[in-house]
Amino acid sequence: MLRLLLILVLLGAALAYYAEQVGLGVGYPPFVPMVYWKYNGEQKYNLRVTGVNAAVKVKLDGQLNDGALELSLLQGGRQVGQARRYKGRFNDIALFYVNPGLYTVRFRLQDAKGYVRMDWVGTRFEY
């Protein structure tokens, strides 16, 4: 039992050292919240939008003790609308009105330390 405890402590110390030196992001959005530890990076998710009056809706809820999160919507590599930047504690729904087509939701993180719940959907309003 003591040997197992020692192995778990060593694995935890190695993981903490790795997170401090390189950065770590764990989770699977939109189903599981992302946990970040000194993470720098970019995540992109493709989304097809249809409908007459279409929109992309992104829900963000989280707390970043350090660093920042930037949300932007891209179409063909070009930014659509205004990019949004989040720090500290936040709970926001970003709504981008768009034309039908293929879009990319991009989350860019800089020295992020904390957690974020992300969810995005292409809505359509046909009437």
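Rules used throughout
- Residues numbered from 1 in each chain as written.
- Predicted model: local features only at pLDDT ≥ 70, side-chain atom pairs only at ≥ 80, totals over all residues.
- Heavy atoms only, no water.
- Salt bridge = Lys/Arg side-chain N within 4 Å of Asp/Glu carboxyl O.
- Buried < 20%, exposed > 50% of the residue type's maximum accessible area, 1.4 Å probe, protein only.
- Helix = DSSP H or I, 4+ residues; strand = E, 2+ residues; numbered from the N terminus.

What follows deals with the pattern of salt bridges. On inspection of all chains with the given rule, the structure shows seven salt bridges. Here Asp 92 makes a salt bridge to Arg 84, at a shortest N to O gap of 3.4 Å. A residue is classified by how much of its surface remains accessible, and Arg 84, at 29% relative accessible area, is partly exposed. Linked through salt bridges whose partners overlap, the residues forming this network are Glu 42, Lys 44, Glu 70, Arg 85 and Arg 108.

That bond from Pro 29 to Pro 30 is cis: its omega, 0°, falls within 30 degrees of zero. Located in the positive-phi region is Lys 38, a residue other than glycine, with phi close to 50°. Relative to the elements of secondary structure, Lys 38 occurs in strand β2 (residues 32-49). Of note in this structure, Asp 111 is not a glycine but carries a positive phi near 50°. Inspection of the secondary structure puts Asp 111 in strand β5 (residues 101-123).

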